[in-house]
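Structural overview
Each chain is listed here by its residues.
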Amino acid sequence: MTADHVTAAAGADTAIPHLAPDWLVRTEVGLCPCGCIGRRRKGTAVAKTLQGGADLVRHAVFSDDAASRAGLLQRIDARVKVVSLLGLLVVAAFVRTLPVLAGMYVAAVLVAMASGLSVRFFLARVWLFVPVFTGIVVLPATLNLVTPGRIVVPLGTWFGGQVGLTSEGLESAGLIVMRVALSISLVVLLTATTPWSRILAALRSLFLPATVVLVLSMAYRYLFHLLTSVTDMYTARRARTVGADSEVRSSRRFVAASAGALFGKSHALSEEVYLAMVARGYRGDARLMQPARLRITDVLWCVACLAVALLVVWSDGVVG
Amino acid sequence: MHIPDGYLSPQTCAVMYGAAAPFWMTAARRVRTIVKTRFVPLLGLGAAYCFLVMMFNVPIPDGTTAHALGGVLVAVLLGPWAAVMAVTVALAIQALFFGDGGVLVFGANCFNMAVVMPFVGYGTYRLLARHQALTSRRRALAAGIGAYVGINAAALCAAIEFGLQPELFYKTSAAGAHVPLYSPFHLSQSIPAMLGAHLLVAGVVELALTAGVIAYLQRANVPLLRINHPAVPEADAQLTPVEPSPRVCGLLLGLAAMLALVPLGLVATGGAFGENTPAQLDLRKYGLHAVPAGLEHYSDFWSHSLLPGYDFKQGSHPSIGYYTSALVGTLLILAVGFGTFRFVARVRQRRTVQIPARR
């Protein structure tokens, strides 16, 4: 470990100087473009979509920051990371005991610290999501109405039957919460320490066809371009609105119209991009960068992951 | 509806990857044969659009907002096969880059939102928008209803995937009870929970956005609707009048499928509310002390039927009798339906002949 790795690891839970401005990388987690994660706040649709757009850009800048930092996982080849973390994800999915899952989670947090990720970010990313979605979903499952078994916390009677939390329900809830947390952490470990272009190159050299990788990278590239159009439309709308824009019908019409206009823009853009590609000699075949050769650290990391996987499988058998 | 990792067993995930894979391959092949070298930019921008549509906040009356998925919208605009690819790529970016939706369950998420939703929604849309001009209001509404049906079909698939987990994957605790390893809710709980939310809120949001976008394009940018509807006339006046022809083939196929499912009825035991034998009525369950006099009296009031109890005589050849009853019943209903249809058609024909005669 070099000197700057030590400082990165030691300073992981304190403030790390970001390349991006601070207001852009606030600790508030804005994860979900679909609404199933995160807090539901009241507010106008226009303001929220603008906020969502800002969150998207902030997320992109943040992960670029993290990926360019010096750390353990940043030194590993992207292909190796994809395969090893995917393998651990599968192993985690098969684990049947709570202590083993918890142990794997602690190991993931340690690796995150060694990779220079802020522990606060790493924990918040998982535990802001888990209570909101998984916690609420899983809570009813601890009742004997869903998971029958031995009642350990009686809550009273309902329609003549006893109601309470069962030990089976609690164990099952613990398993699912821990498994969700661990799975998210493993994916975050990969995506937060690897630039998007490297992930794509890794997927290409592993199994994805070149055209699909090209579509993925183009979608990602123009996502931000089109986002500018959306932000422009919404900022203009906000600037034209006096007072609270609370009329549901008119703002729904605006949302539909802006989505329609966006489709027009994206289709015109795809035509222009296509012509520009043809002008530069594109004939329908995709060429991508050749990946670098594997180094000794990559091999060591592979061996370590394999050892962890075997340990997990063995200890799961012993505990369970 | 983005399922995170940890809710489905790895076995289910593998099956769902297998279920989605043929659609991915067919979609890639079909889209490529149509758009050729435009494949990459068209789908790349389509996926980016799809991603952004999922980000749009649609206001709902309670003062908050909700998101739409846009799968059916893209299917109406670009065709269902292009929608499969575009939604898949958008979901991949969400899963890999934003951690929204799992990686192992990616196949399941794609099957629900990139395959079931566009195809069911687009099928419904095509059915409702048949013989409609490109700018007709009914076409926009059909797209909305298609989106509503599509998202609910996708939610039903997700609910079934959830609900199968506790039945198939569990371990046994020390007390001998089952401890579910993945999603703990049974089908009887997961289906109402998922469908309730989607029938009431998410489906309506999807309907509003999809119908709104199509209506906007009808007003402002008809050429964009031409991409997937090259031959549809633009206004009602240009429509060629179509004689409504009964799709006898499809009808008969559906009937045949239902006839093939007839043995399912043999599996069921007992009768509902003691319909045939009042003695079997579970009195305590309904808080009764005796069989109601009316039920007792009228249950064997009419015993002159051709096939009593869907059988020849009581219990002589149960399965053959059951099949015969199904066949006779179907033929009778067909005959009555056909007769009514002919009668109505004749009356209408007479009317249309009479009106010019009066003038």
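Residues numbered from 1 in each chain as written. Chains lettered and ligands numbered in written order. Predicted model: local features only at pLDDT ≥ 70, side-chain atom pairs only at ≥ 80, totals over all residues.

**Topic: the overall build of chain B**
The line we're drawing: Secondary structure elements follow DSSP: runs of H or I no shorter than four residues count as helices, runs of E no shorter than two count as strands, and numbering proceeds from the N terminus. Computation of the radius of gyration draws on C-alpha atoms, with the globule rule given as 2.2 Å multiplied by the number of residues to the power 0.38. Note that contacts rest on C-beta atoms placed from the backbone: two residues are in contact if these are within 7 Å.
In terms of regular secondary structure, chain B is built from 12 helices and four strands. Computed over C-alpha atoms, the radius of gyration of chain B comes to 27 Å, more than 25% over the 21 Å expected from 2.2 N^0.38 for 359 residues, which places it beyond the range of a compact globule. In terms of principal-axis extent, the alpha carbons of chain B reach across some 90 × 70 × 45 Å. Contacts in chain B between residues at least 24 apart in sequence constitute 69% of all its contacts with a sequence separation of at least 6.

**Topic: the domain arrangement of chain B**
Rules: Just so you know, the domain bounds were taken from an automatic or database domain assignment.
Segmentation of chain B into domains returns domain 1 (10-242) and domain 2 (255-358). Look at where the C-alpha atoms of domain 1 of chain B and domain 2 of chain B centre, and you get two points 39 Å apart.

**Description of the interface of chain B and chain A**
Here is the rule we go by: Amino acids are sorted into nonpolar (Ala, Val, Leu, Ile, Met, Phe, Trp, Tyr, Cys and Pro), charged (Asp, Glu, Lys and Arg) and polar (every other residue, Gly among them).
Contact with chain B, which involves 69 residues of that partner, is made by 74 residues of chain A. For the side of chain B that touches chain A, the elements supplying multiple residues, two or more each, are α2 (39-53), β1 (57-59), β2 (65-67), α4 (80-97), β4 (178-180) and α7 (187-220) of chain B. For the side of chain B that touches chain A, a count of residues per class yields 46 nonpolar, 18 polar and five charged.

**A look at the packing of helix α5 (residues 106-128) of chain B against helix α6 (residues 137-168) of chain B**
Packed helices, taken two at a time, are described by the angle between their axes plus the distance between the axes. Residue and element names in this part refer to chain B. Put simply, the test is: Working convention: axes come from line fits to C-alpha atoms, limited for helices to the stretch in contact. Angles between N-to-C directions cover 0 to 180 degrees. Helix crossings get a hand from a simple test, with the near helix turned counterclockwise from the far one by less than a right angle marking a left-handed crossing and a clockwise turn marking a right-handed one.
Where α5 contacts α6, the two axes come as close as 7 Å, and the packing angle between them is 145°. Classified by chirality, the crossing of α6 by α5 is right-handed. Looking at the contact of α5 with α6, its residues break down into 20 nonpolar, five polar and one charged.

**Concerning the environment of A:Leu101**
Residues and elements named next belong to chain A. With respect to the element layout, Leu-101 can be found in helix α4 (residues 98-114). It is 9.5 Å that separates the C-alpha atoms of Leu-101 and Ala-181, two residues lying 80 residues apart in sequence. Residues in contact with Leu-101, not counting those within four places in the same chain, are Ala-92, Val-95, Leu-175, Met-178, Arg-179 and Leu-182.

**Considering helix α8 (residues 196-206) of chain A**
Our working definition: Three exposure classes are used. Buried residues have 20 or more other C-beta atoms within 10 Å of their own C-beta, exposed residues have 12 or fewer, and partly exposed residues fall in between, all C-beta atoms being placed from the backbone.
Listed as buried for α8(A) are A:Ile199, A:Leu200, A:Ala201, A:Ala202 and A:Arg204. Contacts from the buried residues of α8(A) go to α3 (78-94) and α9 (210-240) of chain A together with α4 of chain B.

**Topic: helix α1 (residues 10-35) of chain B**
All names here are of chain B. Operational definition: Expected helix span is computed as 1.5 Å times (number of residues minus one).
End to end, α1 covers 36 Å across 26 residues, agreeing with the expected 38 Å (1.5 Å per residue, within 8%). Those residues of α1 lying buried are Thr-12, Cys-13, Met-16, Ala-20, Phe-23, Ala-27, Ala-28 and Val-31. Lys-36 sits one or two residues past α1 and shows a positive phi near 50°.

**Re the confidence of the model for chain B**
Residues and elements named next belong to chain B. Stated formally: Note on scores: pLDDT gives the predictor's confidence for each residue, bounded by 0 and 100.
Confidence in the prediction of chain B, expressed as mean pLDDT, is 84, and 91% of residues score 70 or more. Across chain B, the element-wise mean pLDDT spans from 73 in helix α10 (residues 264-267) up to 94 in α5. Across the whole predicted complex the pTM is 0.76, and at the interface the ipTM reaches 0.81.

**So, the packing of α8(A) against α9(A)**
All names here are of chain A. Selection rule: If an angle is under 35 degrees, it is roughly parallel; if it is over 145, roughly antiparallel; if it lies from 65 to 115, roughly perpendicular; otherwise it is oblique.
For the pair α8 and α9, interaxial distance at closest approach is 9 Å and the crossing angle is 165°. Looking at the two axes, α8 sits roughly antiparallel to α9. The handedness of the crossing between α8 and α9 comes out as right-handed. Contact residues: Trp-196, Leu-200, Leu-203 and Arg-204 in α8; Ala-210, Val-213, Leu-216, Ser-217 and Tyr-220 in α9. Grouping the amino acids of the contact of α8 with α9 by side-chain chemistry returns seven nonpolar, one polar and one charged.

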